[in-house]
Amino acid sequence: MLPGGHEDAEMHRLTQEGALPQRRVVHREEKPGLPLCRKVCYAVGGIPYQMTGNALGFFLQIFLLDVAQLEPFHASLIIFLGRAWDAVTDPAIGFLVSKSPRRKYGKLVPWIACSMPFGVLSYCMMWFTLSDATPASLKFLWYLFMYSFFQTCMTCHHVPYSSLTMFLGGTQRDRDSATAYRMGMEVFSTLLGSGIQGQIVGSYHAHMMNGCYVSNETLPNTSTYSLTDSLENTVRAGLSAFCSSCKLWGRCRWPCCQLCVWYPHCHCALSLFFQRRAYVFASLVLGSIYCLSCLILIFGVREQPGPLSPLGKVELPFASCLRMIVGHKPYTQLLCGFLFASLAFQITQGIFAFFCTHAAGLAGKFQHLVLIMLVTASLSIPFWQWFLGRFGKKTAVSLGLVLIMPALVAVTQVMHNFLAFVFLVIVAGCSMAVLYLLPWSMLPDTVDDFMLRNPSCLNLEALFYSFYVFFNKFAGGLAVGISTLSLHFAGYHAADCTYNPSVILTLRLLMAPIPISLLLIAIIIFCLHPINEERRKQMRIEMEAMGHQAQRGSRE
């Protein structure tokens, strides 16, 4: 906000010059601000999208390859087709939300309430592992259907939720405050999802790698070998003795012997069995948080129409709306920059756990690195909020994206050094905060610019946000598809304990050179974005003048 005196003087100057219509001096009544309880309830509603999305981003790829034991080509098809389907549904759901009438409980909240039970169920079923005797084609169809259905349910949740900002009531400052609460809660939910999932399943990935060391007759990594591992190996040795005795008698009396029929080493089978149980348990925990967050949002927030954002139906057809949105140059440039930046970060995100497990020698520590990265990102958001207010959004996004480049290069060069990785992920976390904050902070300015240039087009907020989510999800599917296909052509095979130099080289290329190239393209696009700080000040004055005119018309 501009200081009060300077803002009034600027409004008076524009009025005298004819830029704004003459208006009577009206003594405005102070409206009660947006209650803190409503802000918190609205912010809590953003937990499911970021929590489940980051859990999938960090762990879905390694789950499909190492736990479900799908071929890399099948895993890449599942993720890419699921994300592609999800990207297609975003504009469709956004248009359907815009065309929805206002009902007793609102226009947006019913979408969230109806999609919640199906989203929770499909998320839990997605982490369920089918029997090893199931044909590969049925496994492929199962995970593809569950993944696609969950993404559809999440779209029905997130598109109305992101559009709900304009209908919380209160002043513009109240809505800005609610948005800040939302971003803080979404970063916390990112930490929550990845932290819970990582802490539950991370140790079992380390046990699987120790099983590979045992089968290769090598010692496990001393940095991850602990008393728990020794006790577990003792248990495995005892079970192996039982298996041998059963084989001498010609029959199996113990459950672990059924695993011996399918796998050459009993300890590897037991690790895989407990690993699958851990993924199911983690999905139940996150699914419960998903359900609770939606209930808090549904019962804690009521939609309030505003003078510039009425809760009405879009009258234009979809093709006309699409043509107007795509034809808005600032929005198109922002989408392109967001696409390349998101693609770079999601390639790194999707391959990070895999890189730590198979290339960096930190199989039992990657979940701690993810936790440190997300904590750093959450703590960095206040700094970047101050920085963009002091130096501008374009400067902040450029500097923040440049910050991660040296860290990515160093990660590919440092191996078996946990402390060095801690420092590097702290730097990466600072840069990750920019990706969370800046693109979503620049989007409202672009929407305001569109409204000022097209004052007759109302109720298009859901479409703007749906296309933004569309490009983000499309980048995620493309990122994971690129990484898994690269591993496929590099010769990676599930449960292969042998060292493959081509796989290690591919992981290093996916961690540094490719993301850095994409980030450089994104920085150039953001620097060319036409909405700078001067334009933002001008739009703020014009938007406030339109709000005053709407209030005066309603009173008359």
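Before reading further, recall that the structure is shown in the block above.
Not measured: the values here are computed from a predicted model.

Cut-offs used in this document
- Residues numbered from 1 in each chain as written.
- Predicted model: local features only at pLDDT ≥ 70, side-chain atom pairs only at ≥ 80, totals over all residues.
- Heavy atoms only, no water.
- Helix = DSSP H or I, 4+ residues; strand = E, 2+ residues; numbered from the N terminus.
- Buried < 20%, exposed > 50% of the residue type's maximum accessible area, 1.4 Å probe, protein only.
- Contact = heavy atoms within 4.5 Å.
- Phe/Tyr/Trp six-rings, centres within 6.5 Å; stacked < 30°, edge-to-face > 60°.
- Lys NZ or Arg CZ within 6 Å of the ring centre and 35° of its normal.
- Expected span 1.5 Å × (residues − 1).
- Disulfide = S-S within 2.5 Å.
- Salt bridge = Lys/Arg side-chain N within 4 Å of Asp/Glu carboxyl O.
- 1 Å grid on protein atoms, 1.4 Å probe; cavity = no way out; pocket = protein on both sides within 12 Å on 5 of 7 lines; lining within 4 Å.
- Points joined across faces, edges and corners; volume = space filled by probe spheres on them.
- Nonpolar A, V, L, I, M, F, W, Y, C, P; charged D, E, K, R; others polar.

S.K.: Got a minute to help me understand the side chain of Thr376 in this structure?
M.R.: Relative to the assigned elements, Thr376 resides in helix α13 (residues 366–391). By relative accessible area, which is 12% here, Thr376 ends up buried. Each residue touching Thr376, except ones within four places of it in the same chain, is listed here: Ile426, Gly429 and Cys430.

S.K.: Explain the packing of aromatic side chains here, please?
M.R.: Any pair of aromatic rings gets described here by the distance separating the centres and the angle formed by the planes. This structure, assessed with the given rule, holds 20 aromatic pairs. Ring geometry for Trp384 and Phe387: centres 5.6 Å apart, planes at 70°, overall edge-to-face. With Trp384 and Phe387 both in helix α13, this residue pair falls three residues apart, about one helical turn. Assigned by exposure class, Trp384 and Phe387 land together as buried. Between Phe450 and Phe464, the aromatic rings sit 4.9 Å apart at their centres with planes inclined by 65°, giving edge-to-face as the arrangement. One end of the pair, Phe450, is in helix α15 (residues 418–453); the other, Phe464, is in helix α16 (residues 461–490), and 14 residues separate them in sequence. No difference in accessibility class separates Phe450 from Phe464, as the two residues are buried. Of the aromatic side chains, those joined through ring pairs into one cluster are Phe63, Tyr123, Trp127, Tyr143, Phe150 and Tyr279. Geometry around Phe391 places Arg390 over its ring, the cationic atom sitting 5.1 Å from the centre.

S.K.: Please clarify how α16 should be interpreted in this entry.
M.R.: One full turn of an α-helix is made of 3.6 residues, so residues set three or four places apart face in the same direction. Under the 1.5 Å per step criterion, the end-to-end length of α16 is 44 Å for 30 residues, consistent within 8% with the ideal 44 Å. For α16, the tally of buried residues reaches 22 of 30 residues, placing the bulk of the element in the interior. Gly491 sits one or two positions beyond α16 and adopts a positive phi of about 95°.

S.K.: Sorry if this is basic, but what is going on with the state of the cysteines here?
M.R.: What we call a disulfide is simply a covalent bond connecting the sulfur atoms of a pair of cysteines. Evaluation of the coordinates by the stated rule reveals zero disulfides. No disulfide involves Cys37; its sulfur sits 4.0 Å from the nearest other cysteine sulfur, which is in Cys41.

S.K.: Is there a simple way to think about the pattern of salt bridges in this case?
M.R.: Note that side chains of opposite charge can pair when their charged atoms are close. Under the defined criterion, the tally for this structure stands at four salt bridges. Of the charged contacts in the structure, one is a salt bridge between Arg453 and Asp449, with a shortest N-O distance of 2.9 Å. Note that Arg453 and Asp449 are positioned in helix α15 at a spacing of four residues, about one turn of the helix. Between Arg535 and Asp449 there is a salt bridge; the shortest N-O distance is 2.6 Å. Taken together, the residues span a long stretch of sequence, with Arg535 in helix α19 (residues 533–555) and Asp449 in helix α15 at a distance of 86 residues. Among the residues examined, Asp449 registers a relative accessible area of 1% and is labelled buried. Taken together, the shared-partner salt bridges connect Asp449, Arg453 and Arg535 into one network.

S.K.: Before we go on, may I ask you to explain empty space enclosed by the protein in this structure?
M.R.: Here the idea is plain: a probe the size of a water molecule rolls over the atoms and shows the empty space left. Tallied over the entire structure, the rule returns nine cavities of 30 Å³ or more. What the largest cavity holds in volume is close to 520 Å³. For the largest cavity, the lining is made up of 26 residues, of which Gln50, Asn54, Gln346, Gln349 and Asn472 are closest to its centre. Those elements that provide at least two residues to the lining of the largest cavity are α3 (47–67), α4 (72–99), α6 (136–163), α7 (172–215), α12 (329–358), α15 and α16. When grouped by side-chain class, the residues that make up the lining of the largest cavity number 10 nonpolar, 11 polar and five charged. Contributing to the lining of the second largest cavity are 15 residues, with Thr348, Phe352, Met373, Leu408 and Ala428 lying nearest its centre. The set of elements that each furnish at least two residues to the lining of the second largest cavity consists of α12, α14 (393–411) and α15. Here the residues of the lining of the second largest cavity sort into 13 nonpolar, two polar and no charged.

Scope: geometric values only; no functional claims are made or implied.
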